[in-house]
Amino acid sequence: MAEKLPIEFVFDPEFARDPYGVYAALREKGPVHAIDFPPGTDAFLVIDYEHGRPALNDPRLSKEFKHAPAVFRQFVTDAGRNNPVLAHNMLSSDPPDHTRLRRLVSKAFTPRRTESLRPRIQEIADGLVDAMAPTGRADLIGDFAFPLPIVVICELLGVPAEDRDAFREWSATLIDPAMDEEQLRRRAEVNAAIRDYFGRLIAERRAEPRDDMISALVSARDDRELLSEQELMATLTLLLIAGHETTVNLIGNGVLALLTHPDQLALLRERPELIPSAVEEFLRYEGPVERATLRFATEDLQIAGVHIPEGSVVHISLGAADRDPEAFAHPDTLDVTRADNHHVAFGHGIHFCLGAPLARLEGRIAFETLLRRLPGLALDCPPAEAAWRRSGSLIRGLEALPVTF
Ligand code: HEM
């Protein structure tokens, strides 16, 4: 195997601009690469589909921080006290805790329940376009792609959407890596703020239950003792963050992809019945969880012939897997008619995204509404100047997307 990829790999602005070119060059050398991230750990990056997809569901690769290298454990011991998001939610658990926590929340995410949200999501999408319309100019992220999923997840959970500026900052702080003392301090502050915030809401719903997910989870906790107080808080935080950091980028990355591929835009305008297939293609072509999702090896194992020692961090890059030429014909071509689009943008296996039906519904409504109501939609900046979020993030998304219409 070639030498370790340095930590700069992840933070290189070139990587933020075009991760797929970087992966393509790396792919020439093999599907699994040692990487110095976090620094000083045994860590590996898997960039192909053949090994990445099964790794997502390999029971020897754990999501629990107790199997992580010390640098993570230190982080999460702190988390045990004051970090409601990194520990004790389903995405940081293996079975049986994972099974129990996921079952509790999946009731709220049945396809039927999700489908029942359709009229309300449409109403929100129309309201946002109405608010944009008079000016003929907008920031598609701030004015549309961000508020749409936020209002939906806030209503579903039962948290006031007016608090969304605070949530945006909190979730951005928690999702990005904390690399120095200042960032760790900021992260601790955010954890404390989230704990206080949800603590208050949980107390309010205990006193006066409503028809929302906080009340449902509080009753699962109090009446049936199906989860602990810490798990309750961690679950709410996970849902709030999952609702913030992902669908916004499905919409934003997808709109940028369309506006820079006029043939595909014209085709979709002509044949709006292709929107569901286009949404799958946006997820594959420029998925929100592009860089990686993490696992920790609970025993020595091999991936593509590379020895992964017990305790290693395994980064599985969903964005790289979804551009793998062995898995997708012409992977770097945006094709809204692509058939059999078996992308891994929502993961695979037991942690497959629980919010996928909701995200797909929001995505379809968003694109249908934008195309129908804004026939002149166009970029208001050179594509090369599109401001991708700072490098190092697990998430691929734009800071802003200036458009005219
Ligand atoms: C898990 C992507 C939207 C809730 C995941 C995972 C991915 C993902 C890749 C698995 C991570 C892993 O295996 O390590 C996405 C994308 C979205 C999206 C691309 C939007 C386009 C949402 C929404 C919600 C949500 C809207 C709910 C509010 C969750 C939850 C999990 C999860 C609860 C954990 C599932 C588990 O551990 O069993 N998501 N997500 N996601 N997602 Fe999403």
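Let us look at the structure shown here. Note that the coordinates shown come from a computational prediction; the quantities given were computed from them, not determined experimentally.

Quick word on the overall build of the chain
Part 1: Each helix and strand counted, the chain has 19 helices and 12 strands in total.
Part 2: By the compact-globule yardstick of 22 Å for 405 residues, the chain fits well, its C-alpha radius of gyration being 21 Å.
Part 3: Considered along the principal axes of its C-alpha atoms, the chain spans approximately 60 × 55 × 40 Å.
Part 4: Put simply, the chain has 405 residues, and 41% of those count as buried.
Part 5: For the chain, restricting intrachain contacts to residue pairs at least 6 apart in sequence, the fraction spanning at least 24 positions comes to 73%.

A short note on helix 6 (residues 97-106)
Part 1: Within the sequence span of helix 6, burial applies to L101, R102, L104 and V105. The arc enclosing the buried residues of helix 6, seen along the axis, measures out at 155 degrees, which places them on a common side. Looking at helix 6, the residues exposed on the side facing more than 90 degrees away from the buried face are R103 and S106.
Part 2: Taken together, the buried residues of helix 6 touch helix 13 (213-222) and helix 14 (229-245).

Observations regarding the pairing of strand 8 (residues 313-316)
Part 1: Side-chain alternation along strand 8 places V313 and H315 on one buried face and V314 and I316 on a second face that is also buried.
Part 2: Summarising the sheet, strand 5 (residues 293-297) and strand 8 pair through 4 bridges and their orientation is antiparallel. Across the sheet, R295 pairs through a bridge with V314, a residue of strand 8.

Description of the sheet that holds strand 8
Part 1: A sheet is described by the order of its strands in space; here 5 strands give the open sequence 1-2-8-5-3, paired in mixed fashion. Lying at the two open borders of the sheet, with one neighbouring strand each, are strand 1 (32-34) and strand 3 (61-62).
Part 2: Of the strand pairs in this sheet, strand 3 and strand 5 are connected by 2 bridges, and their pairing is antiparallel. Bridged to L61 within strand 5 is A297.
Part 3: Strands strand 1, strand 2 (43-46), strand 3, strand 5 and strand 8 of the sheet are contacted by helix 4 (residues 49-56), whose axis makes an angle of about 120 degrees with strand 8.

A look at unusual backbone geometry
Part 1: A cis amide bond links F37 to the next residue, P38, at an omega of -5 degrees.
Part 2: Relative to the assigned elements, P38 resides in the loop between strand 1 and strand 2.
Part 3: Omega for the peptide link from P95 to P96 comes to 5 degrees, which places this bond in the cis form.
Part 4: By secondary structure assignment, the location of P96 is in the loop between helix 5 (70-82) and helix 6.
Part 5: With phi around 50 degrees, A304 is a residue other than glycine that occupies positive phi space.

Quick look at the nonpolar core
Part 1: Ranked by internal contacts, the top residues of the largest apolar core, which has 105 residues, are V46, L148, L157, L236 and V314.
Part 2: With 9 residues, helix 14 is the single largest residue contributor to this core.
Part 3: Non-local contacts of L236, meaning those with residues more than four positions away in its chain, are made with L157, F198, I214 and L217.

With respect to the packing of helix 8 (residues 118-132) against helix 10 (residues 147-157)
Part 1: Two elements in contact, helix 8 and helix 10, have axes whose closest approach is 10 Å; the angle formed by their N-to-C orientations is 140 degrees. Our pair here, helix 8 against helix 10, has a crossing hand that is right-handed. On helix 10, the residues that touch I121, I124, A125 and L128 of helix 8 are P147, L148, V151 and V152.
Part 2: Classifying every residue of the contact of helix 8 with helix 10 by side-chain character gives 8 nonpolar, no polar and no charged.

Here is what the cut-offs are and how they apply
- Residues numbered from 1 in each chain as written.
- Predicted model: local features only at pLDDT ≥ 70, side-chain atom pairs only at ≥ 80, totals over all residues.
- Helix = DSSP H or I, 4+ residues; strand = E, 2+ residues; numbered from the N terminus.
- Rg over C-alpha atoms; globule rule 2.2 N^0.38 Å.
- Buried ≥ 20, exposed ≤ 12 C-beta atoms within 10 Å, placed from the backbone.
- Contact = placed C-beta atoms within 7 Å.
- Arc of directions from axis to C-beta.
- Pairing = 2+ DSSP bridges.
- Axes fitted to C-alpha atoms, helices over the stretch in contact; angles between N-to-C directions.
- Core = buried A, V, L, I, M, F, W, Y, C linked by C-beta atoms within 7 Å.
- Left-handed = near helix turned anticlockwise from the far one by under 90°.
- Nonpolar A, V, L, I, M, F, W, Y, C, P; charged D, E, K, R; others polar.

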